[in-house]
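Structural description and commentary
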Amino acid sequence: GVYRSVDAGKTWTYLGLESSTGQQAVARVRIDPKDCDLVYAVVLGDPWGPNEERGIFRSSDGGRTWEKVLYRDEQTGAAELALDPSNPRIMYATGERTFQVV
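A short tour of the structure in this document, coming up.

Reading the values: rules and limits
Residues numbered from 1 in each chain as written. Predicted model: local features only at pLDDT ≥ 70, side-chain atom pairs only at ≥ 80, totals over all residues. Heavy atoms only, no water. Salt bridge = Lys/Arg side-chain N within 4 Å of Asp/Glu carboxyl O. Helix = DSSP H or I, 4+ residues; strand = E, 2+ residues; numbered from the N terminus. Core = buried A, V, L, I, M, F, W, Y, C linked by side-chain atoms within 4.5 Å. Buried < 20%, exposed > 50% of the residue type's maximum accessible area, 1.4 Å probe, protein only. Pairing = 2+ DSSP bridges. Axes fitted to C-alpha atoms, helices over the stretch in contact; angles between N-to-C directions. Contact = heavy atoms within 4.5 Å.

1. Quick word on the pattern of salt bridges
As enumerated under the stated definition, the model contains 3 salt bridges in all. Note that Arg-30 is salt-bridged to Glu-80, the shortest N-O span being 2.9 Å. Here the residue Arg-30 occupies a position in strand β3 (residues 25-31), and Glu-80 occupies one in strand β7 (residues 76-84), the gap between them amounting to 50 residues. The network of salt bridges with common partners includes Arg-28, Arg-30 and Glu-80.

2. Things to note about the nonpolar core
Counting residues in each nonpolar core, the largest one holds 8 residues, listed as Val-2, Leu-15, Leu-17, Val-39, Ala-41, Val-43, Phe-57 and Trp-66. Counting 7 residues, the second-largest nonpolar core is a separate cluster that includes Leu-38, Tyr-40, Ala-78 and Leu-83.

3. Some thoughts on the pairing of β7
Relative to strand β8 (residues 87-97), β7 runs antiparallel, the two sharing 8 bridges. By the bridge assignment for β8, Leu-81 is matched with Ala-93.

4. Quick word on the sheet that holds strand β6 (residues 67-70)
Note on sheets: strands pair through backbone hydrogen bonds, and any given pair is parallel or antiparallel. The strand order across the open sheet built from 4 strands is β3-β4-β5-β6, with neighbouring strands paired in antiparallel fashion. The open sheet has two edge strands, β3 and β6, and neither has a second partner. The average angle at which neighbouring strand axes cross in this sheet is 30°, direction not considered.

5. What to know about the environment of Gly-77
Positionally, Gly-77 belongs in strand β7. Here Gly-77 falls in the buried class, since its relative accessible area comes to 3%. Spatially, the C-alpha atoms of Gly-77 and Gly-95 are 5.5 Å apart, while their sequence positions differ by 18 residues. Once residues lying within four places of it in the same chain are set aside, the contact partners of Gly-77 are Val-43, Leu-44, Arg-54, Gly-55, Thr-94, Gly-95 and Glu-96.

Put into structure tokens, the structure is as follows:
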């Protein structure tokens, strides 16, 4: 899941992406340097099997709501996201495919 602190880590507020908890992982969170309400969550997902909550998620309200904006399939999670420093609307993403042990 994703949590947010506005007091240097003294308290935290849960912001969602619930099924990315447990064995599943949020690999990275990126915040637009020009708009702190524009947040991207890079979700790797379950490392041992398929799931739908993978890819890049965007929030335009500081994390209160999320929409999936980049998704390949239930086997491929997002591993990294970089925002271009001169224009944060230009992004570079990498993905990672999971393998199931049969």
